[in-house]
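# Fold and geometry: a report
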Amino acid sequence: MRIARFSIDGSVAFGVVEGSDGFDGAGTPRGEVLLDVIKGHPFAEFERSGRKLPLDKVRLLPPVLPNKVVAIGRNYAEHAAELGHPLSSPPDVPITFFKPSTSVIGPGDPIAYPSFSQDVQYEAELAVVIGRLCRDVPPERAQDVILGYTCANDVTARDVQRREKQWARAKGFDTSCPLGPWVETDLDPARIAEGIAIQCTVNGEQRQLGRTTDMVRSIPELIVHITEAMTLLPGDVILTGTPAGVGPLHDGDEVAVTIEGIGTLANKVIKRG
């Protein structure tokens, strides 16, 4: 099922998405879409309330509020190559970094171009949403700790990334982690292993198109590696890397990430106020 987080009349709730049959170029679902409000939250057993709201009458929020976002670098060989790292020499271990909770925004929220960068770029990514507290997860149990999947954009100040040894500012500035539009809980892991499409468009023009089969390391491998070092909490997010084709964003651009089986996440770029 698809679980969205939304606000209406000053209240925040979760709901099950019903009726979506595709998206237009701006990430707007086609056809009538309803949210069946749930009692409680999606990290435990819940009931549907039967109260249904039209999607166009609510504001979609980031589908979760993560304690931390753990991101993976160079997990697609061709992307690593376009940044100057040879296809033949992937990292010995996954490259991990954090994006703070303050970087997270939802569908339709603006990406604010930071004043300290002249080269902000998009990176379309499949995001894994953790469903339960976990540490030292063995590979055969990795799927058990996953609530579902969503779309992400690992927005990056590329010039800052190149000149600073740590990526905290380049990857962690406010609004640099759009997530959404919802969490898809029924995406089959075998389907991900066989390859689902990840696409990024800017102003309707395709810029990235890759498949999850191109990942250097699988999602279970990433969960094992991360949880060797730290505890993941319900709602934490793992960004699994981006395909080749990253490029610049400018004031006024609309960037959209579409992932097969999940949906479309669209955001507009603005100048930072």
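Residues numbered from 1 in each chain as written. Predicted model: local features only at pLDDT ≥ 70, side-chain atom pairs only at ≥ 80, totals over all residues. Heavy atoms only, no water.

On to the pairing of strand β1 (residues 2-8). Counting buried residues in β1 gives seven out of seven residues, a clear majority hidden from the surface. Because side chains alternate across β1, one face comprises the buried residues R2, A4, F6 and I8, and the other comprises I3, R5 and S7, equally buried. Here β1 runs beside strand β14 (residues 177-184); their pairing, made up of two bridges, is antiparallel. When the bridges of β14 are listed, I3 appears paired with V183. In this structure, β1 lies alongside strand β2 (residues 11-18), joined through six bridges in antiparallel fashion. Of the residues in β2, the one forming a bridge with R5 is F14. Counted along the chain from β1 to the antiparallel partner β2, the turn is two residues long, and its residue D9 has a positive phi close to 55 degrees. (Buried < 20%, exposed > 50% of the residue type's maximum accessible area, 1.4 Å probe, protein only. Helix = DSSP H or I, 4+ residues; strand = E, 2+ residues; numbered from the N terminus. Pairing = 2+ DSSP bridges.)

Bringing the pattern of salt bridges into the picture now. Under the definition given, this model contains 16 salt bridges. The partner of R59 in a salt bridge is D109, with the nearest N and O atoms 3.1 Å apart. With a gap of 50 residues between them, R59 in strand β5 (residues 59-60) and D109 in the loop between β8 (104-105) and β9 (111-113) connect regions that are remote in the sequence. The exposure class of D109 is buried, given its relative accessible area of 12%. A salt bridge links E260 to R211; its shortest N-O distance comes to 3.7 Å. (Salt bridge = Lys/Arg side-chain N within 4 Å of Asp/Glu carboxyl O.)

For the rest of this paragraph, the subject is helix α5 (residues 219-227). Taken residue by residue, α5 has I219, L222, I223, I226 and T227 as its buried positions. Mapping the buried residues of α5 onto a view down its axis gives an arc of 115 degrees, with all of them on the same face. On the buried face of α5, the contacting elements are β6 (69-73), β7 (95-99), β11 (124-130), β12 (146-153), α4 (189-194) and β17 (237-239). (Arc of directions from axis to C-beta. Contact = heavy atoms within 4.5 Å.)

The next subject is the pairing of β12. Counting buried positions along β12 gives eight out of eight residues, so the element sits mostly inside the fold. As judged from the three bridges shared by β12 and β14, these two strands associate in the antiparallel manner. Residue A152 lies in a different strand from β14, and its bridge partner there is L179.

The next thing to look at is the sheet that holds strand β10 (residues 120-122). In space, the three strands of this open sheet follow the order β13-β10-β18, with antiparallel pairing throughout. A single partner strand is all that each edge strand has here, and the edge strands are β13 (156-157) and β18 (247-248).

On to the sheet that holds strand β19 (residues 254-259), then. Spatial ordering of the open sheet is given by β9-β20-β19-β15-β16, a layout of five strands whose pairing is mixed. For this open sheet the edge positions go to β9 and β16 (205-211), each flanked by a neighbour on one side alone. The average angle at which neighbouring strand axes cross in this sheet is 20 degrees, direction not considered. Note: strand β15 (residues 197-202) against β16, six bridges, orientation antiparallel. Bridging across to β16, A197 finds its partner in R211. (Axes fitted to C-alpha atoms, helices over the stretch in contact; angles between N-to-C directions.)

For the rest of this paragraph, the subject is the environment of E125. Tracing the backbone through its elements, the reader meets E125 in strand β11. The spacing of E125 and D109 is 16 residues in sequence and 17 Å in space, taken between C-alpha atoms. The residues contacting E125, other than those within four sequence positions of it, are T150, C151, A152, D154, I198, L239, T240, G241, T242, V257 and I259. One polar contact links the side chain of E125 to the main-chain amide nitrogen of G241, over a distance of 2.8 Å. (Polar contact = N/O pair within 3.5 Å; in protein donor to acceptor, adjacent residues only side chain to side chain.)

Once that is clear, we can look at the side chain of R5. Locating R5 in the fold gives a position in strand β1. Nearest to the buried, unbridged R5 among oppositely charged side chains is D109, at 8.1 Å. A distance of 3.0 Å separates the side chain of R5 from the backbone oxygen of P62, its partner in a polar contact. In contact with R5, other than residues within four places in its own chain, are V12, A13, F14, R59, L60, L61, P62, P63 and L65. (Lys, Arg positive; Asp, Glu negative; His and termini not counted.)

The topology assignment puts R217 in the loop between β16 and α5. Separated by 123 residues in the primary sequence, R217 and P94 place their C-alpha atoms 7.8 Å from one another. Within the structure, R217 has its side chain in polar contact with the backbone oxygen of D92 (distance 2.9 Å).

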